[in-house]
Amino acid sequence: MNTLQHSIVSRLPQGYQWSAGFAGSKVEPIPQNGPAGEDNLVGLKLLSHDGEKAWPIMYKLIQALNDIELECCVLECEGEPCLFVNQQDEFAATCRLKNFGVAIAEPFCELPR
């Protein structure tokens, strides 16, 4: 059974950037009024798995993205493993994950009455 087909990821609400001196190993939220830059990151968190069960799934997600040469990494963020990709690669990353059967959770907006 393909465990990715039962995985659900959600985009973290804020943008991230590499922490100074820790590129590739530590991220920090971008301030709300911070500049939009080429190095901004998007974080994806697993909703379907948590804790220790989430790490092996995240490494499978990395492999799927590495197969199409997308740079990404998994780091702990807010106590959970999160997958980080460059902001400009977000759509390619989510498309690739969808092709592997991963569901992408989207926020609902309230419709006007």
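Asker: Would you mind going over the packing of aromatic side chains with me for this structure?
Answerer: Any pair of aromatic rings gets described here by the distance separating the centres and the angle formed by the planes. A full pass over the atoms with the stated rule returns two aromatic pairs. Taken together, a centroid distance of 5.2 Å and an interplanar angle of 75° make the contact between Y16 and F84 edge-to-face. Residue Y16 is found in strand β2 (residues 16-18), and its partner F84 is found in strand β6 (residues 80-86); the two are separated by 68 residues along the sequence. Each member of the pair, Y16 as well as F84, is classed as buried.

Asker: Explain the pairing of strand β4 (residues 41-46) to me, please; I cannot follow it from the model alone.
Answerer: Consecutive residues of a regular strand have side chains that alternate between opposite faces of the sheet. For β4, the buried fraction is high: five of the six residues fall into the buried class. Two strands pair when backbone bridges link them, and strand β1 (residues 8-11) and β4 are joined in this way by three bridges, in the antiparallel orientation. Note on β4: the bridge partner recorded for V9 is L46. In terms of strand pairing, β4 meets β6 through five bridges, oriented antiparallel. By the bridge assignment for β6, L44 is matched with L83.

Asker: Teacher, can you tell me more about the pattern of salt bridges here?
Answerer: Evaluated as defined, the whole model comprises two salt bridges. Among the ionic pairs, E90 bridges to R11, the shortest N-O distance being 2.7 Å. Of this pair, E90 sits in helix α2 (residues 90-99) while R11 sits in strand β1, placing them 79 residues apart in sequence. Among the residues examined, R11 registers a relative accessible area of 35% and is labelled partly exposed. R96 serves as the salt-bridge partner of D67, at 3.8 Å between the closest nitrogen and oxygen.

Asker: What is the right way to read the environment of W18 from this model?
Answerer: Within the element layout of this structure, W18 appears in strand β2. According to the relative accessible area criterion, W18 is partly exposed, its value standing at 27%. C-alpha separation for the pair W18 and E28, spaced ten residues apart in sequence, amounts to 6.3 Å.

Asker: Just to check I follow, could you spell out the nonpolar core for this structure?
Answerer: Grouped burial of nonpolar side chains is what soluble globular proteins tend to show. Formed by 21 residues in total, the largest nonpolar core has its most connected members in V9, L61, L65, L83, L97 and V102. Residue assignment for this core shows that the elements contributing at least two residues are β4, α1 (54-66), β5 (72-77), β6 and α2. Element by element, the count of residues in this core is highest for α1, at seven residues. Ignoring anything within four residues of it in the chain, the contact list for V102 reads L4, S7, V9, L61 and L97.

Thresholds, definitions, all that
Residues numbered from 1 in each chain as written. Predicted model: local features only at pLDDT ≥ 70, side-chain atom pairs only at ≥ 80, totals over all residues. Heavy atoms only, no water. Phe/Tyr/Trp six-rings, centres within 6.5 Å; stacked < 30°, edge-to-face > 60°. Helix = DSSP H or I, 4+ residues; strand = E, 2+ residues; numbered from the N terminus. Buried < 20%, exposed > 50% of the residue type's maximum accessible area, 1.4 Å probe, protein only. Pairing = 2+ DSSP bridges. Salt bridge = Lys/Arg side-chain N within 4 Å of Asp/Glu carboxyl O. Core = buried A, V, L, I, M, F, W, Y, C linked by side-chain atoms within 4.5 Å. Contact = heavy atoms within 4.5 Å.

These figures capture arrangement, not role.
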